[in-house]
Amino acid sequence: MLSTNVMLEPTESSASMWEQGVGDWASNEVRWLTCCRVFDETHDVKTFAFRTADGSPVRFEPGQFLTVSADIDGQQVQRCYTIASPPTRPYLVAITVKRVPGGVMSNWLHERMRSGMRLRAHGPAGAFTSTRAGAGKLLYLSAGSGITPLMSMTRASVDLGLNRDIVFVHSARTPADIVFRDELRRLAALAPGLRLLFVCEGHGDEHGWTGEARRLTLPMLMRQVPDFATREAFTCGPAGYRHAVREALREGGHDPARYHEESFDLSTMATAAAESKTVEVKAAEHASTFNVRLSKSGKTFPVQSAETLLAAARRAGVAIASSCSQGVCGTCKIRVLEGDVAMKHNGGIREREVQKGFRLLCCSRAQSDLVLDL
Ligand SMILES: Cc1cc2nc3c(=O)[nH]c(=O)nc-3n(C[C@H](O)[C@H](O)[C@H](O)COP(=O)(O)OP(=O)(O)OC[C@H]3O[C@@H](n4cnc5c(N)ncnc54)[C@H](O)[C@@H]3O)c2cc1C
């Protein structure tokens, strides 16, 4: 454990906010977070717990993520991290980060973030949550750091005493790589409806390992979770893992409409985006040009129907906060006051926000002249 010196005591102001209800923090709003605890989960995974600068509680759904931003070597770097802590403990948000070899943000957090340091973050975003899945049986499938959204959901469920029927299947390289291993066991002891299955590729240094010691397969799932096809499935992990799980479930007769997944790997989405960009470049030969007006500054700039509003704004020198550029993180959410746009997002915006006129500029294209609330 690196540091544990600040225990979270709700301040007077946060206590009164709690009485009024937990505050909203929009995904396009930046707030400061203060680190209050850092601790090791495994040899290459750490948890960083934060409170908001004014101690106010945070409202989010289990499975949602924050987009954190830091100045690293003179560059502003933004990355998404799931809030691994549950919304039932709203005074503290914790992210659990795996160190990625050569990775900018994960290594900076591991090496530099300490109790008392501050970090900027955009508010909670994302739609990967089991809270809207009804009361049915659940199947959580995760690998590596993909455990974080499912951990938030599990912690919330146990905190609320829901005793939901959850089978939580987590895959790791070795037993030593299982994130939250002891805590999950404690939670399972508290909630009889929660069943754990750890699947490791090998036993590593743990020679007494009696769990599964190979990759997750359909026969293993059929043997360990015979009713898996009747469960609402939530999967998070690397692209190859998600592909294997999707195929196994489909082969095993699981209804794809009851399958939900979260990707931490923006590069797979970026590939799809790049492919669609190639099509757009061809389409640009026939593109129309529209005018964008910013209602607050009065600034105007042109946008082609084939390019994203974010790209056009950047070209015109308009600073718009953005992170993933794939319609995932919700950082570039802005209300369109007039005109039509076509948006193709990846879960970074909710239907009710769309109804209110918000759009993600990174994945929206103009279909007419526009006025933006900016
Ligand atoms: C919705 C969402 C939720 C997430 N939640 C979590 C979570 O809970 N926990 C977690 O650990 N992660 C999570 N992630 C992943 C996280 O956002 C980061 O992608 C991850 O931490 C790696 O970031 P990094 O800055 O360390 O690595 P990056 O700097 O982005 O590098 C990633 C990889 O690319 C390689 N690379 C970097 N630059 C180059 C280059 N110029 N040429 C070649 N290779 C290069 C690096 O070596 C590394 O292998 C989440 C992602 C998303 C989208």
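Up top is the structure.
The rules we used
Residues numbered from 1 in each chain as written. Predicted model: local features only at pLDDT ≥ 70, side-chain atom pairs only at ≥ 80, totals over all residues. Heavy atoms only, no water. Pairing = 2+ DSSP bridges. Helix = DSSP H or I, 4+ residues; strand = E, 2+ residues; numbered from the N terminus. Phe/Tyr/Trp six-rings, centres within 6.5 Å; stacked < 30°, edge-to-face > 60°. Buried < 20%, exposed > 50% of the residue type's maximum accessible area, 1.4 Å probe, protein only. Lys NZ or Arg CZ within 6 Å of the ring centre and 35° of its normal. Axes fitted to C-alpha atoms, helices over the stretch in contact; angles between N-to-C directions. Parallel < 35°, antiparallel > 145°, perpendicular 65-115°, else oblique. Left-handed = near helix turned anticlockwise from the far one by under 90°. Contact = heavy atoms within 4.5 Å. Nonpolar A, V, L, I, M, F, W, Y, C, P; charged D, E, K, R; others polar. Near = heavy atom within 4 Å. Areas by Shrake-Rupley, 256 points an atom, 1.4 Å probe, with all protein chains shown as cover.

Colleague: So what about the pairing of strand β14 (residues 333-338)? Which residues, and what values?
Modeller: The sheet contact formed by β14 and strand β16 (residues 358-360) spans 3 bridges and is antiparallel. Residue Arg335 lies in a different strand from β16, and its bridge partner there is Phe358. Across 2 bridges, β14 lies against strand β18 (residues 370-372) in antiparallel orientation. If you follow Glu338 over to β18, its bridge partner there is Val371.

Colleague: Talk me through the packing of aromatic side chains; I want residue IDs and the actual numbers.
Modeller: Per the stated rule, a full pass over the model turns up 3 aromatic pairs. Both rings, one in Tyr140 and one in Phe168, keep their centres 5.7 Å apart while their planes meet at 85°; by these two values the pair is edge-to-face. Here Tyr140 is found in strand β7 (residues 138-143), whereas its partner Phe168 is found in strand β8 (residues 166-172), with 28 residues between them in sequence. For the pair Tyr140 and Phe168, a shared accessibility class is recorded, and that class is buried. Put simply, the rings of Phe128, Tyr140, Phe168 and Phe234 touch in pairs and so form one group of aromatic residues. We note Arg118 situated over the ring of Trp32; from NZ or CZ to the ring centre the distance is 4.0 Å.

Colleague: If you had to explain the sheet that holds strand β12 (residues 289-294) to someone new, which residues and values would you point to?
Modeller: One open sheet accounts for 5 strands, arranged β13-β12-β18-β14-β16; its pairing is mixed. With partners counted over all chains shown, the strands left at the sheet margins are β13 (300-304) and β16, one partner each. Neighbouring strand axes in the sheet, compared pairwise and without regard to direction, differ in orientation by 40° on average. Sheet analysis places β12 next to β13, joined by 5 bridges and oriented antiparallel.

Colleague: Any details on the packing of helix α3 (residues 147-159) against helix α4 (residues 181-190)? Residues and values, ideally.
Modeller: In contact at an axis separation of 11 Å, α3 and α4 are set at 30° when each is read in the N-to-C sense. What the angle tells us is that α3 and α4 run roughly parallel. Crossing of α3 against α4: the hand is left-handed. Contact residues: α3 offers Ile147, Met151, Thr154, Arg155 and Val158, while α4 offers Glu183, Leu184, Leu187 and Leu190. Residue classes in the contact of α3 with α4 are distributed as 6 nonpolar, 1 polar and 2 charged.

Colleague: Break down the sheet that holds strand β3 (residues 65-72) for me, with residues and values.
Modeller: Taking strand neighbours across the sheet as the criterion, the 6 strands line up as β4-β3-β6-β1-β2-β5 in an open arrangement whose pairing is antiparallel. Here the strands that pair on one side only, and so sit at the sheet edges, are β4 (75-82) and β5 (93-98). For this sheet the average axis-to-axis angle between neighbouring strands, irrespective of direction, equals 40°. When β3 meets strand β6 (residues 118-125), the two strands line up antiparallel, connected through 4 bridges. From the neighbouring strand, Ser69 faces β6, where its bridge partner is Arg120. Here helix α2 (residues 104-112) sits on the sheet in contact with β2 (45-52), β3, β4, β5 and β6, set at roughly 85° to β4.

Colleague: Give a description of the site of the ligand that names residues and reports values.
Modeller: The immediate surroundings of the ligand are formed by 21 residues, with Arg79, Cys80, Tyr81, Met105 and Ser106 found nearest. The protein chains hide 65% of the 970 Å² of surface that the ligand would expose on its own. Secondary-structure elements contributing two or more residues to the shell around the ligand are β4, β5 and α2. For the shell around the ligand, the leading source of residues is β4, giving 4 residues.

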